[in-house]
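# Per-entry structural report
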Amino acid sequence: MALEIKILDYGDIELETSFLVLGHECGRVRRVPVYGFLILGGQYPIVVDTGYRDNAIMESLGMRGLQFHENMIENQLAKHGVKMGDVRYVVHTHLHIDHAGKDDLFPMNTTVVLNRKELECSVSGLMHPQYPQPDIKHLIDRLHTQDALRFMDLEITGHEELMPGVWCEPANAHTEGSANVIVETAEGRACICGDVIYNFNDQIVNQVRQTQYMEPQVTGNHAGSKRSEKGAIKKLLNEFDFLLPVHDKPAKIEHGRITARLEQQVPGPIVESLPRRDWFPV
Ligand SMILES: [Zn+2]
């Protein structure tokens, strides 16, 4: 059986539009999804990112959480016949408030996989409020429990395998320790790219406030340089057949262009094909 990625719907959040895309509609609120990913068809199930702890914790960032019963991680996994204890690895693209909120619901023998640099950043005080106390404290408990945590050193290793057909690479964007998770599917190489891209349309298809041809726009929330954000986005478009960010529907990529959108799974049904003028904007 070939590897497949199922979308887990952890509920929406409401936040300011300029947080998503630099300088875009300051003061306007936008509602976006928070996704996780379940990789099936391999040696064991792997989950990528676990969403936010609860609606209250999003208030600490001045955002609104819209998480309901059906969005609970155990219910999202159950839709695919997977129980929490079946999951071998929980991997994180990064540790922000909306990505690592449910790790403590997994048993300690489900190993959480992190880029070491991301845990370092989460306790450094840099971007402090985005790394909430209960989530990070739980990871420190795992640090002191046999086999409960696995570190990667992606800046040095370049890539690390989780199982045949699934590996991580450094994202070199969004946070200092962000990782991409790559899955070899029957229809090409898919990359779960965390928050390197928040919004395909506003950043890549009809880029907000960009006058240069094919220039990606950056998000309104990143720890490094704008050059590294733009380069990281272009690298994703160059290297992969599918991109799966956490706050937008997956995209199909052909020759460096977004040609279609998917919803439930990758590979999976196309829900929207982009007109050719959007591949080659004039
Ligand atoms: Zn996020």
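Keep in mind that what you see is a predicted model, and the values were worked out from it rather than measured. (Residues numbered from 1 in each chain as written. Predicted model: local features only at pLDDT ≥ 70, side-chain atom pairs only at ≥ 80, totals over all residues. Heavy atoms only, no water.)

## Quick notes on the pattern of salt bridges
- Per the stated rule, a full pass over the model turns up 14 salt bridges.
- Between arginine 64 and glutamate 14 there is a salt bridge, and its shortest N-O distance comes to 3.3 Å. In this pair, arginine 64 sits in strand β4 (residues 64-66) while glutamate 14 sits in strand β1 (residues 4-16), placing the two residues 50 residues apart along the sequence.
- With a relative accessible area of 41%, arginine 64 lands in the partly exposed category.
- Taking the shortest distance from any N to any O, the salt bridge between arginine 28 and glutamate 25 comes out at 3.7 Å.
- With relative accessibility at 29%, the residue glutamate 25 sits in the partly exposed group.
- Because the salt bridges share partners, they merge into one network encompassing Glu25, Arg28, Arg30 and Asp202. (Salt bridge = Lys/Arg side-chain N within 4 Å of Asp/Glu carboxyl O. Helix = DSSP H or I, 4+ residues; strand = E, 2+ residues; numbered from the N terminus. Buried < 20%, exposed > 50% of the residue type's maximum accessible area, 1.4 Å probe, protein only.)

## Observations concerning the pairing of strand β6 (residues 111-115)
- Of all five residues making up β6, five are buried, and the element is well covered by its neighbours.
- Covered by surrounding structure in β6 are Thr111, Val113 and Asn115 together with Val112 and Leu114, the residues of both alternating faces.
- Here strand β5 (residues 89-91) pairs with β6 via three bridges, running parallel. Within the sheet, the bridge partner assigned to valine 91 lies in β6 and is valine 113.
- With four bridges connecting them, β6 and strand β7 (residues 149-152) associate as parallel partners. Looking at the pairing, leucine 114 lines up with phenylalanine 151 of β7. (Pairing = 2+ DSSP bridges.)

## Some details on the side chain of histidine 247
- Following the sequence through the fold, histidine 247 ends up in the loop between β12 (242-245) and β13 (251-254).
- Owing to a relative accessible area of 4%, histidine 247 belongs among the buried residues under this scheme.
- Among the polar contacts made by the side chain of histidine 247, one reaches the side chain of aspartate 98 at a distance of 2.9 Å.
- Aside from chain neighbours lying at most four places away, what touches histidine 247 is Ile13, Val32, Pro33, Val34, Asp98, His99, Asp195 and Tyr198. (Polar contact = N/O pair within 3.5 Å; in protein donor to acceptor, adjacent residues only side chain to side chain. Contact = heavy atoms within 4.5 Å.)

## Notes on the packing of aromatic side chains
- Tallying each qualifying case throughout the model produces one aromatic pair.
- Relative to tyrosine 89, the ring of tyrosine 44 lies with its centre 5.7 Å away and its plane at 80°, an arrangement referred to as edge-to-face. Within this pair, whereas tyrosine 44 is found in the loop between β2 (29-40) and β3 (46-48), its partner tyrosine 89 is found in strand β5, the two being separated by 45 residues in sequence.
- We classify tyrosine 44 as partly exposed; its relative accessible area is 22%.
- In this arrangement the basic side chain of arginine 88 is found over the ring face of tyrosine 89, its NZ or CZ atom lying 4.7 Å from the centre. (Phe/Tyr/Trp six-rings, centres within 6.5 Å; stacked < 30°, edge-to-face > 60°. Lys NZ or Arg CZ within 6 Å of the ring centre and 35° of its normal.)

## Remarks on the pairing of strand β11 (residues 188-194)
- With six of its seven residues buried, β11 lies for the most part within the structure.
- Pairing of strand β10 (residues 179-185) with β11, which is carried by five bridges, proceeds in the antiparallel orientation. Looking at the pairing, glutamate 184 lines up with arginine 189 of β11.
- With antiparallel pairing between neighbouring strands as the criterion, β10 and β11 make up a hairpin whose turn holds two residues.
- With four bridges connecting them, β11 and β12 associate as parallel partners. Looking across to β12, one finds that cysteine 191 is bridged to leucine 243.

## Regarding the confidence of the model for the protein chain
- Confidence in the prediction for the protein chain averages 95 pLDDT; 98% of positions are at 70 or higher.
- The secondary structure element of the protein chain with the lowest average pLDDT is helix α9 (residues 276-279), at 66, and the one with the highest is β3, at 99. (pLDDT = per-residue confidence, 0-100.)

## Notes on the coordination of the zinc ion
- Looking at the zinc ion, the protein donor atoms are Asp98 (OD), His99 (NE2), Asp195 (OD) and His247 (NE2), and they sit 2.1 to 2.2 Å from it.
- Coordination at the zinc ion is irregular: its four donor atoms span angles of 80 to 165° at the metal.
- Counting gaps between the donor residues of the zinc ion yields the pattern D-H-x95-D-x51-H. In this pair, aspartate 98 sits in the loop between β5 and β6 while histidine 247 sits in the loop between β12 and β13, placing the two residues 149 residues apart along the sequence. The pair aspartate 98 / histidine 247 is uniform in exposure class, with both members buried. (Donors = N, O, S within 2.8 Å, 3.2 Å for Na, K, Ca; no water. Tetrahedral: all angles 85-135°; square planar, octahedral: opposite > 155°, others 65-115°.)

## As for the nonpolar core
- Membership of the largest hydrophobic core comes to 62 residues, with the highest contact counts inside it found for Phe37, Ile39, Leu77, Val166 and Leu244.
- A total of seven residues in this core trace back to one element, the largest contributor, which is β2.
- Setting aside residues no more than four positions away along its own chain, isoleucine 39 makes contact with Leu3, Glu4, Tyr44, Pro45, Ile46, Val48, Met163, Val166, Val181, Val183 and Ile192.
- If you look at the next biggest cluster of nonpolar residues, it comprises 21 residues, including Leu236, Leu237, Ala251 and Ile253. (Core = buried A, V, L, I, M, F, W, Y, C linked by side-chain atoms within 4.5 Å.)

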